[in-house]
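These are the residues of each chain, in order.
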Amino acid sequence: MTREKHHPEGSPVGRRVVLGLLGLGAAGVAIGPYLQRAESALAERDPSGLSGLLPGNNGFRYYSVVTSVPRRDDADYTLTVGGMVERPAAHRLADLRAMPQRRLVKDVQCVTGWRVPHTPFEGVPLSHLLDAAGVKAGAKAVRFDCFDGEYTESLTLEQARRDDVLVALRMQDNPISHDHGGPVRLYVAPMYFYKSAKWLSGITVTGAVEPGYWEQNGYDVDAWVGRSNGRSDEPTS
Ligand SMILES: Nc1nc2c(c(=O)[nH]1)N[C@H]1C(S)=C(S)[C@@H](COP(=O)(O)O)O[C@H]1N2
Ligand SMILES: [Mo]
């Protein structure tokens, strides 16, 4: 199976362009298709053209912005928590499993339009990890890094502390598979799925929001489903 890295054809959807269109008010709804094309061209690994139809895929599409991602498991997985915190930490999988867990069942909504209703995710509330590390005064946001070496995401501290934001260890009542970003991915339930960084390796508390990979390509930093520049098909939860 070939895995090619896709680059945008021509110039990517620039932030200026998006903001310009947003300035037109109602015209904002027309933005979806541009972004949809950008993300589809960049991110979908679908060499067969059939992955969305394969039995067992459960409606998800595989996304990665890099050609291949190393596998990590109990033996070598570490999640670091650092930046503007009192007690930087490095958690192994066993440590994360021993922490309080929360289970959420919501709809997954990708910005390109596909949706997977009622998907269980389970893991450690991000707020628990932030409290354990002790966020310093003056901190404003969180940056997420991934062991694919490329993808990043961000949340404001206020968003990061919501109870529907998890450092997820399980998805669909199983350990998160490698293709879905295992062993640990972020799960930001109220936002488009691009916020849910796969292959999570680092949580860094920062003084300001550092826009993530797609956000540098024009996606909204505040990616509330149905209220940002992605496309939403009647989100139900
Ligand atoms: N590290 C990493 N995380 C990522 C992405 C990615 O390319 N790399 N793609 C995002 C996007 S756009 C979507 S829709 C989901 C896809 O998750 P899935 O591959 O489990 O369906 O992961 C998000 N998290
Ligand atoms: Mo996506």
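Rules of the game
Sequence order sets the numbering: in each chain, residues are counted from 1 along the sequence as written. Chain A is the first chain written and ligand 1 is the first ligand written, with later ones labelled in order. Owing to the predicted nature of the model, reporting of local features is limited to residues with pLDDT of at least 70; listing and counting of side-chain atom pairs is limited to 80 or more, with chain, interface and lining totals taken over all residues. As a rule here, side-chain values come from all non-hydrogen atoms in the structure, and water together with hydrogens is ignored. Helix and strand assignments come from DSSP, with helices taken as H or I runs of at least 4 residues and strands as E runs of at least 2, each series counted from the N terminus. Burial classes follow relative accessibility: with a 1.4 Å probe on protein chains only, a residue under 20% of its type's maximum area counts as buried, one over 50% as exposed, and anything between as partly exposed. Residues count as neighbours in contact if any of their non-hydrogen atoms are within 4.5 Å of one another. Working definition of accessibility: Shrake-Rupley area with a 1.4 Å probe, residue cover restricted to the visible protein chains. Side-chain atoms within 4.5 Å are what join buried Ala, Val, Leu, Ile, Met, Phe, Trp, Tyr and Cys residues into a set we call a nonpolar core. Note that the domain bounds were set by an automatic or database domain assignment. Here the rule is simple: two strands pair whenever DSSP picks up at least two bridges between them. The nearness test applies per residue and asks whether one of its heavy atoms lies within 4 Å of the molecule or strand. The definition of a polar contact used here is a pair of N or O atoms within 3.5 Å, where within protein one atom must be able to donate a hydrogen and the other to accept one, and adjacent residues in sequence count solely through side-chain atom pairs. Here the nonpolar group is Ala, Val, Leu, Ile, Met, Phe, Trp, Tyr, Cys and Pro; Asp, Glu, Lys and Arg are the charged ones; every other residue, Gly included, is treated as polar.

### Re the overall build of the protein chain
What the protein chain contains, in helices and strands, is five helices and ten strands. Each of the 237 residues in the protein chain was classed as buried or not, and the buried ones make up 50%. The long-range fraction of contacts in the protein chain, counting pairs at least 24 apart against all pairs at least 6 apart in sequence, stands at 67%. In the structure as shown, the protein chain presents an accessible area of about 11100 Å², 51% of it carried by carbon and sulfur atoms.

### Points about the nonpolar core
If you look at the biggest cluster of nonpolar residues, it comprises 61 residues, and the most contacted ones within it are Leu 96, Leu 126, Tyr 187 and Ile 203. A total of six residues in this core trace back to one element, the largest contributor, which is strand E7 (residues 165–171). A domain split of this core shows at least three residues from each of domain 1 (1–68) and domain 2 (79–217). Ignoring any residue separated from it by four or fewer positions in sequence, one finds Tyr 187 in contact with Leu 104, Lys 106, Asp 107, Val 108, Phe 121, Asp 164, Val 165, Leu 166, Ala 168, Phe 193 and Ser 196.

### Let's talk about the pairing of strand E3 (residues 102–109)
Alignment of E3 against strand E4 (residues 115–125), held across seven bridges, turns out to be antiparallel. Pairing of Arg 102 across the sheet is with Gly 123, part of E4. Linking E3 back to E4 in an antiparallel pair, the connection comprises five residues, with Gly 113 at a positive phi of about 120°.

### Regarding the site of ligand 1
Around ligand 1 sit 22 residues, and of these Arg 61, Asp 148, His 180, Arg 185 and Lys 198 come closest. At a separation of 2.4 Å, an oxygen atom of ligand 1 approaches a polar backbone atom of Arg 61. A distance of 3.1 Å is found between an oxygen atom of ligand 1 and a backbone nitrogen or oxygen belonging to Tyr 63. Contact with the protein chains removes 100% of the 530 Å² of surface that ligand 1 exposes when unbound. Here the shell around ligand 1 is built from residues that sort into 13 nonpolar, three polar and six charged.

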